[in-house]
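Survey of secondary and tertiary structure
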Amino acid sequence: MAWYWWVLVVFWMGGFGWAADNVRTALRNRHDRKVQLLEVAKQERLAVEAAQRPPEPVCGCTHHLAKHDKQGRCHERVEAPTAWDENRKPLRYEAGECNCQQYVGPQPLSQVFAEELTDRA
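Every chain is numbered independently, its residues counted from 1 as its sequence is written. The model is predicted, so local features are restricted to residues of pLDDT at least 70 and side-chain atom pairs to those at 80 or more, both for listing and for counting; the totals for chains, interfaces and linings are taken over all residues. No hydrogens and no water enter the side-chain calculation; it runs on all heavy atoms of the structure.

The subject of this paragraph is the overall build of the protein chain. By the criteria applied, helices consist of DSSP H or I runs no shorter than four residues and strands consist of E runs no shorter than two, each listed in order from the N terminus. Summing up its helical and strand segments, the protein chain has two helices and two strands in all. Working definition of accessibility: Shrake-Rupley area with a 1.4 Å probe, residue cover restricted to the visible protein chains. For the protein chain, the computed accessible surface area is about 11,500 Å², with 58% contributed by carbon and sulfur atoms.

In structure tokens, the structure reads:
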């Protein structure tokens, strides 16, 4: 019958608070680790998706190769600033042509069909 007195004394002295703090800290750490693992899995999935896409043929003017003609001139319309404030931030824009001269980037490969090689004659 004396054992419950010891439990009561430990409870009054705050002994269970130490155990509760340890459990709370462990659960918090477990949650943080789960969130980190989910974030890593998301980043890995995005990296795999990006690796499976071919590179986009984008010019230095950030326009796609399809916007350039055979001579390399860009035909995309851009907004050029015409007025600035005292902090050199543009206030007004005007429509204009892109000034880039030539696309310099990876040339997209054309798709080629090749029959399988076999030993049959």
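Let us look at the pattern of salt bridges. Salt bridges are counted wherever a side-chain nitrogen of Lys or Arg sits within 4 Å of a carboxyl oxygen of Asp or Glu. For the coordinates displayed, the defined rule picks out three salt bridges. Between Asp-21 and Arg-24 there is a salt bridge, with its nearest N and O atoms 2.8 Å apart. Highlighted residues: Asp-21 and Arg-24, both in helix H2 (residues 15-52), separated by three residues, approximately one helical turn. Each residue is placed in one exposure class: buried if its accessible area under a 1.4 Å probe, protein chains only, is under 20% of its type's maximum, exposed if it is over 50%, and partly exposed if it falls in between. Residue Arg-24 is classed as partly exposed on the basis of its relative accessible area, which comes to 46%.

All right, on to a nonpolar patch on the surface then. What makes a patch is a set of residues exposed beyond 30% relative accessible area and free of salt bridges, joined within 9 Å when like-charged and within 5 Å when nonpolar (Val, Leu, Ile, Met, Phe, Trp, Tyr). Taken together, Trp-3, Tyr-4, Trp-5, Val-7, Leu-8, Val-9, Val-10, Phe-11, Trp-12, Met-13 and Phe-16 make up a surface patch of nonpolar side chains, about 1,200 Å² in accessible area. Among the elements that make up the nonpolar patch, the one with the highest residue count is helix H1 (residues 3-13) (ten residues). One can find Phe-11 in helix H1. The exposure class assigned to Phe-11 is exposed, which follows from its relative accessible area of 53%.

In this scheme, strands are said to pair when DSSP sees at least two bridges between them. Strand direction decides the pairing type here: strand E1 (residues 77-84) and strand E2 (residues 90-97), joined by seven bridges, are antiparallel. Bridge pairing links Val-78 to Gly-96 in E2. Between E1 and E2, which pair antiparallel one after the other, the connecting turn spans five residues, and Arg-88 there sits at a positive phi close to 60°.

For Pro-81, the location among the structural elements is in strand E1. Here Pro-81 falls in the partly exposed class, since its relative accessible area comes to 33%.

What follows concerns unusual backbone geometry. As a rule of thumb, non-glycine residues mostly have phi less than zero, and peptide bonds are mostly trans rather than cis. In this model, Arg-88 sits at a positive phi of 60°, which is unusual for a non-glycine residue. One can find Arg-88 in the loop between E1 and E2. Owing to a relative accessible area of 73%, Arg-88 belongs among the exposed residues under this scheme.

Attention shifts here to the state of the cysteines. The disulfide definition used here is simple: a pair of cysteine sulfur atoms within 2.5 Å. Here the structure, examined in full by the defined rule, presents zero disulfides. Free cysteine Cys-74: the closest other cysteine sulfur is in Cys-98, separated by 3.8 Å. Residue classification places Cys-74 among the buried positions, given a relative accessible area of 1%. Judged by relative accessible area, Cys-98 falls into the buried class, the value being 7%.

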